[in-house]
Amino acid sequence: MSEFVLGDYIFTRKRIGKGAFSTIYKGKHKDTGKYYAIKEISFENLEKIRDSIKREFTLMKNLNHKNIIKLHEVFFDNDEKNIYLVIDYFPKGDFAKFLNGKALKEKYAKKYMRQLVDGLKYLYEKQILHRDLKPQNILVSEEGNIVITDFGFARYTDNEHMLNTLCGSPMYMAPEIMLKKKYNNKSDLWSVGVIFYELLFGTTPYKAK
């Protein structure tokens, strides 16, 4: 299997995840042997998302919380028109895979909701709105804790400033966003409610295409 090197990291070309504009690979540090994930984002012919990409890594590099993904390095490849974000690797995968459509006992649902709230409280203290909270964007650590990831739609805001960009995932998206009305950081709380329902019942309260 082909490998590629970025700084002190060696990564394989075996894909472990994929987003709308990104691909995730697994690798390790050459000296420590510790495993990391790398998010490869292509911005060739994607002028509309260049600002979003820049905002994502600019925002992430200032985050440091146990329930928030940690960004370690950023690499630019102007020849291939790619940006690479080196982040923590979680072998258990995302929360959707962990849940697998099953309901949790209330005490476990409470545990994960407290961790999600702790992570969001930290983001809100830094005036950051995630805008795409869902189980697929939450990772599970080997200790069984959750970590919020994927800040592609995130942005700085405040309670007074209203947004009107349509973004997120329909099943977890607040009504005001769906209706293309202005919204603020309370829209993330709707997503939290949907996730809480899913933890308790094993399914989302709404269906969407």
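Before reading further, recall that the structure is shown in the block above.
This text gives an overview of the structure that appears in the document. What you see is a predicted model, and the numbers here were worked out from it, not measured in a lab.

### Concerning the overall build of the protein
Within the protein one finds five helices and 10 strands. A burial count over the protein gives 44% of its 209 residues as buried. Here the contacts in the protein between residues at least 6 apart in sequence split such that 55% fall between residues at least 24 apart. Total accessible area on the protein is roughly 12,000 Å²; 49% of this is exposed by carbon and sulfur atoms.

### What about helix H5 (residues 186-201)?
Across its 16 residues, H5 extends 23 Å between first and last C-alpha, which sits within 8% of the 22 Å expected from 1.5 Å per residue. Among the residues making up H5, those that are buried are Ser187, Asp188, Ser191, Val192, Val194, Ile195, Glu198 and Leu199. Viewed end-on, H5 has its buried residues packed into an arc of 165 degrees, placing them on one side of the element. Summarising the geometry of H5, the exposed residues directed more than 90 degrees from the buried face are Lys186 and Phe201. A positive backbone phi angle near 80 degrees is found at glycine 202, which sits one or two residues after H5.

### Focus on the sheet that holds strand E1 (residues 3-6)
A sheet is described by the order of its strands in space; here six strands give the open sequence E1-E2-E3-E4-E6-E5, paired in antiparallel fashion. Each edge of the sheet is formed by a strand with only one pairing partner; in this case those strands are E1 and strand E5 (71-77). When the angles between neighbouring strand axes are averaged without regard to direction, this sheet yields 35 degrees. The pairing of strand E3 (residues 22-29) with strand E4 (residues 35-42) spans seven bridges and is classified as antiparallel. Looking at E4, one finds that isoleucine 24 is bridged to lysine 39.

### A short note on the nonpolar core
Counting residues in hydrophobic clusters, the biggest one holds 39 residues, and the most contacted among them are Leu63, Ile69, Phe95, Leu116, Leu123, Phe151 and Leu199. Contributing elements (two or more residues each) for this core: E4, helix H1 (50-60), strand E6 (82-88), helix H2 (95-99), helix H3 (106-125), strand E8 (138-140), strand E9 (146-148) and H5. Element by element, the count of residues in this core is highest for H3, at seven residues. Counting residues in hydrophobic clusters, the runner-up holds 10 residues, among them Phe11, Tyr25, Ile38 and Phe75.

### Things to note about unusual backbone geometry
Phi angles above zero are rare outside glycine, and glutamine 127 is one such case at about 60 degrees. Its place among the elements puts glutamine 127 in the loop between H3 and strand E7 (128-129). Phi is positive for aspartate 150, which is not a glycine, with a value near 60 degrees. Inspection of the secondary structure assignment puts aspartate 150 in the loop between E9 and strand E10 (155-156).

### Let's talk about the pairing of strand E2 (residues 9-18)
Note that E1 and E2 share four bridges and pair antiparallel. By the bridge assignment for E2, phenylalanine 4 is matched with phenylalanine 11. Here E1 hands over to E2 after two residues, with glycine 7 in that stretch at a positive phi of 60 degrees. In this structure, E2 lies alongside E3, joined through six bridges in antiparallel fashion.

### Notes on H3
Here H3 is 20 residues long and its end C-alpha atoms lie 28 Å apart, about the 28 Å a rise of 1.5 Å per residue gives. Along H3, the residues that are buried comprise Ala109, Tyr112, Met113, Gln115, Leu116, Gly119, Leu120, Tyr122 and Leu123. The secondary structure elements touched by the buried residues of H3 are H2, E7, E8, E9 and H5. Positive backbone phi, approximately 60 degrees, marks glutamine 127, located one or two places after H3.

What counts and how
Residues numbered from 1 in each chain as written. Predicted model: local features only at pLDDT ≥ 70, side-chain atom pairs only at ≥ 80, totals over all residues. Heavy atoms only, no water. Helix = DSSP H or I, 4+ residues; strand = E, 2+ residues; numbered from the N terminus. Buried < 20%, exposed > 50% of the residue type's maximum accessible area, 1.4 Å probe, protein only. Contact = heavy atoms within 4.5 Å. Areas by Shrake-Rupley, 256 points an atom, 1.4 Å probe, with all protein chains shown as cover. Expected span 1.5 Å × (residues − 1). Arc of directions from axis to C-beta. Pairing = 2+ DSSP bridges. Axes fitted to C-alpha atoms, helices over the stretch in contact; angles between N-to-C directions. Core = buried A, V, L, I, M, F, W, Y, C linked by side-chain atoms within 4.5 Å.

Without other data, these values stay purely geometric and don't point to any function.
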